[in-house]
Each structure stands twice: as C-alpha cells, then as structure tokens.
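Structural overview
Listed here are the chains, written in short residue letters.
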Amino acid sequence: MLQSLAGSSCVRLVEQHRSAWCFALLVLGYLLYLVFGAVVFSSVELPYEDLLRQELGKLKQRFLEEHACLSEQQLEQFLMRVLEASNYGVSVLSNASGNWNWDFTSSLFFASTVLSTTGYGHTVPLSDGGKAFCIIYSVIGIPFTLLFLTAVVQRIIVYVTRRPVLYFHIRWGFSKQVVAIIHAMVLGFITVSCFFLIPAAIFCVLEDDWNFLESFYFCFISLSTIGLGDYVPGEGYNQKFRELYKIGITCYLLMGLIAMLVVLETFCELHELKKFRKLFYVKKDKEEDQVHIMEHDQLSFSSISDQAASMKDDQKANEPFVNSQSPTSNDSSLNN
C-alpha cells in the first residue's frame, strides 16, 4: 500500500514538473554532446598535430644547419613577423603577391562574410580606422541582415512550403502532417543538391588544390555560418576571372543562407517538431492566462460599448426631424 502511494506520488511529481525534467535532460544531453565532440576531435586531430610539429622542428633545425650565419633568434623573429602578416591576409610568397585583399570585389566579399556572421578570418582590417568602422558597420548591419533575411524567408516560405502543402491536402485529400513531412524531405534534398553537391563539384573544378570532400566541407562551413577560414575560394595564384568569381561567391552565400533558413523554417513548422519543442518550454501559469483573458474581455467589452454608443449616435442622427413640444405646452395640456 505504501509502495503504491509512493509510486503514485512520484509519478504525480514528475508530471507536475515535466517541463523542468525535460529541460534538465536537454542541458545534460548538450553537455555530453560537447564532451563527446571534444573527445573525438582530440583523438583524431592530436596525432596529426604531433606529426606536423615534429616535421616543422626538423625543417627548422635543417635550415639552421644549412645557414650557419643565421641565428635561431633571427629566424624566429622573421617567422613571427611572417605569421603575423599572414593572420592579416598578407603573404610573402611570390605566387601570392598578385592578389590584393582590399580591392572592391574582395571588400564586397569581406562585407558579406561580416554581415552574415560567417567570418572566415582570412582577411581582417589592418588599420585602427578599419577596425572601428567594422564594429559600427557590424552593429548596424547584422540586425539589418537578420531583418532582411527574415522578410525574404517569410515571403518565400508562403509559396514554397505552405501553399504546396495546402494544395495537396485540400485538392488530393492527403493528411496534412504526412504531406508536410514528405514536402520537408523533398525540399531538403533539393537544397542539398543545389547548394551543396553541385557547388562542391564546381569548386572542385575551379580550385586546383581542392578535392570534392574539401569543396563540400567549404560549402557546409560557409552556409552553416561556422566560417573556419581554412578553405577560402578565389585566393589561388593567378585565379581566372577573380573579380567575377568573388561576386559569384558572394551571391552564392546570400542565396544559400536564404535556402537554409527556408528549409529550417519548413522543418520547424512540422507538427511533430512543435510538440517536441514544447516539452522544454515553460508552461504559462493559470493566473497569467486568467489575467490575459480578463484584460482581453475588458478590452473587448469597452470596444463593444464604444461601438454601441457610436451606433446610437448614428441612429439619432439618421432619425427624421420631429417638432418636439416644449415643457410648458406639455404642462398646459396635462392641466386641461
């Protein structure tokens, strides 16, 4: 008896605080996912880093042995300066001296990466004025970009998602949930094909040092706005039609971001995902709902009373004119 009562009380407690328990599980799952990623990346990349460090150490030692007139301190100062310039997008290599980082097309590409929060990091402002302008430009431009993308996606999703789903639901009589799931999968496949697979094949041809995996990796890192910057198109030596290429990449990034947001919004409108998201939301208190209902009722009552008063005034104004008797005449008639 006591065990059954305890079990029922525990179940009742869990049901009452279901959202809090789900949220706690969500936080725990996210932390475990972070730890899992750290373990995998460390186990995969650490051996390659160790090999690269050993290789660079051997090359440095061999260079110092072949050039006895150069001290290790002088070499390190030179390398430090070269690496600092490389972080700003300036290379001392002879095959990269022909590419400028701040011509108009490169600046346009940089502005698009800043406003889309992709931020490859291959080119950064050199001057203090450029850094200050980048801050002001980003503070204004990033919310402006979010507003622009939201407005564009809101208009596109009406014609791409909602109307097709309603068409098949009403015209053919299919279940709306089933049609929405199939439509989301088809739209996701088309987006992956048009903005990942096909562009990856194109980048694989246009970039000499990229294979298909590296090209697909660049597309994903760019359109997900991660922007690691280890692969940036149009930076190769003697790139053909470099200005036009940079403009095309800028257009690709903007169109790809819009397509990704449309797909995400389409999946977020699925009934199953909505139910799943509600598990982690805080439920409104009944008192808040009652206050909201009372405020709504008061507003509606006042609006109804205002409408009724205005209707009475209109009726009085529209009534035919009738000569009303004065109070004295009424009194005399009563006396008679």
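Residues numbered from 1 in each chain as written. Predicted model: local features only at pLDDT ≥ 70, side-chain atom pairs only at ≥ 80, totals over all residues. Heavy atoms only, no water.

This next bit is on the overall build of the chain. Helix and strand counts for the chain come out as 11 helices and 0 strands. Secondary structure elements of the chain, listed N to C terminal, follow the sequence α-α-α-α-α-α-α-α-α-α-α. Each of the 336 residues in the chain was classed as buried or not, and the buried ones make up 22%. Within the chain, contacts between residues at least 6 apart in sequence are counted, and of these 60% link residues at least 24 apart. Just so you have it, the chain exposes about 25400 Å², and 67% of that area is on carbon and sulfur atoms. (Helix = DSSP H or I, 4+ residues; strand = E, 2+ residues; numbered from the N terminus. Buried < 20%, exposed > 50% of the residue type's maximum accessible area, 1.4 Å probe, protein only. Contact = heavy atoms within 4.5 Å. Areas by Shrake-Rupley, 256 points an atom, 1.4 Å probe, with all protein chains shown as cover.)

With 12 residues, helix 4 (residues 104-115) extends 16 Å between its outermost C-alpha atoms, agreeing within 8% with the 16 Å of an ideal straight helix rising 1.5 Å per residue. When you tally the buried positions in helix 4, you get 9 out of 12 residues, the bulk of the element. Within helix 4, the full set of buried residues consists of T105, S106, F109, F110, A111, S112, T113, V114 and L115. Packed against the buried residues of helix 4 are helix 5 (128-171) and helix 8 (242-268). T117 sits one or two positions beyond helix 4 and adopts a positive phi of about 60°. (Expected span 1.5 Å × (residues − 1).)

Turning next to the environment of V262. Structurally, the position occupied by V262 is in helix 8. Taking the relative accessible area as the measure of exposure, V262 reaches 5% and is therefore buried.

F203, C219, Y252 and L253 are the most contacted members of the largest nonpolar core, which has 16 residues in total. Contributions of two or more residues to this core are made by helix 6 (176-206), helix 7 (212-223) and helix 8. Per-element tally for this core: the top contributor is helix 8, with 5 residues. With near-sequence residues (within four places) excluded, F203 lies in contact with W210, S215, F218, C219, P233, Y245, I249 and Y252. By size, the runner-up hydrophobic cluster in this structure holds 6 residues, among which are L149, V153, I258 and V262. (Core = buried A, V, L, I, M, F, W, Y, C linked by side-chain atoms within 4.5 Å.)

Looking now at the UniProt feature "transmembrane region" (unreviewed entry) in the chain. If you check UniProt for "transmembrane region" (unreviewed entry), the listed places come out as residues 21-44, 135-157, 178-203, 215-232 and 244-264 in our numbering. The distance from the first to the last C-alpha atom of residues 215-232 is 10 Å, and the span holds 50% helix and 0% strand. (UniProt positions renumbered as here; feature names shortened; annotations may be inferred.)

Take helix 7 next. Its 12 residues place the ends of helix 7 17 Å apart at the C-alpha level, agreeing with the 16 Å of an ideal helix rising 1.5 Å per residue. Turning to helix 7, its buried residues number three or more, namely S215, F218, C219, I221, S222 and L223. The backbone nitrogen of L213 lies 3.3 Å from a side-chain oxygen of the residue at the head of helix 7, namely N211. In the segment just after helix 7, T225 is the residue with positive phi, at about 60°. (Polar contact = N/O pair within 3.5 Å; in protein donor to acceptor, adjacent residues only side chain to side chain.)

Turning our attention to empty space enclosed by the protein. Going through the model one piece at a time under the given rule, you end up with 1 cavity of 30 Å³ or more. Approximately 50 Å³ is the volume found for the largest cavity. For the largest cavity, the full set of lining residues is W100, N101, S106, F109, F110, H122, T123, E235, R242 and K246. Those elements giving two or more residues to the lining of the largest cavity turn out to be helix 4 and helix 8. Per-element accounting of the lining of the largest cavity gives the leading share, 3 residues, to helix 4. For the lining of the largest cavity, the residue count by class is 3 nonpolar, 4 polar and 3 charged. (1 Å grid on protein atoms, 1.4 Å probe; cavity = no way out; pocket = protein on both sides within 12 Å on 5 of 7 lines; lining within 4 Å. Points joined across faces, edges and corners; volume = space filled by probe spheres on them. Nonpolar A, V, L, I, M, F, W, Y, C, P; charged D, E, K, R; others polar.)

Take a nonpolar patch on the surface next. On the surface, V192, L197, I198, I202, V205, L206 and F212 cluster together into a nonpolar patch covering about 600 Å² of accessible area. Note on placement: I202 falls in helix 6. By relative accessible area, I202 is classed as partly exposed at 44%. (Patch = residues over 30% accessible without salt bridge, like charges linked within 9 Å, V, L, I, M, F, W, Y side chains within 5 Å. Salt bridge = Lys/Arg side-chain N within 4 Å of Asp/Glu carboxyl O.)

Right, let's talk about the pattern of salt bridges for a bit. Applying the stated criterion across every chain yields a total of 4 salt bridges. For E76, the salt bridge identified is with K60, shortest N-O distance 2.7 Å. Highlighted residues: E76 in helix 3 (residues 72-87) and K60 in helix 2 (residues 18-66), separated in sequence by 16 residues. Owing to a relative accessible area of 25%, K60 belongs among the partly exposed residues under this scheme. Residue E269 is joined to R162 by a salt bridge in which the shortest nitrogen-to-oxygen separation is 2.7 Å. Of the two residues, E269 is situated in the loop between helix 8 and helix 9 (271-278) and R162 in helix 5; the sequence distance between them amounts to 107 residues.

Turning next to the side chain of T113. Among the secondary structure elements, T113 is positioned in helix 4. Its relative accessible area of 2% is what places T113 among the buried residues. There is a polar contact of 2.6 Å between the side chain of T113 and the backbone oxygen of F110. For T113, the residues in contact, after removing those within four places along its chain, are T118, G119, Y120 and L253.

This part covers the packing of helix 6 against helix 7. Packing of helix 6 against helix 7 brings their axes to within 8 Å, and their N-to-C directions diverge by 130°. In terms of orientation, helix 6 lies oblique with respect to helix 7. Relative to helix 7, the crossing made by helix 6 is right-handed. From helix 6, F195, F196, L197, P199, A200, A201, F203 and C204 reach across to helix 7, where they touch F212, S215, F216, F218, C219, F220 and L223. (Axes fitted to C-alpha atoms, helices over the stretch in contact; angles between N-to-C directions. Parallel < 35°, antiparallel > 145°, perpendicular 65-115°, else oblique. Left-handed = near helix turned anticlockwise from the far one by under 90°.)

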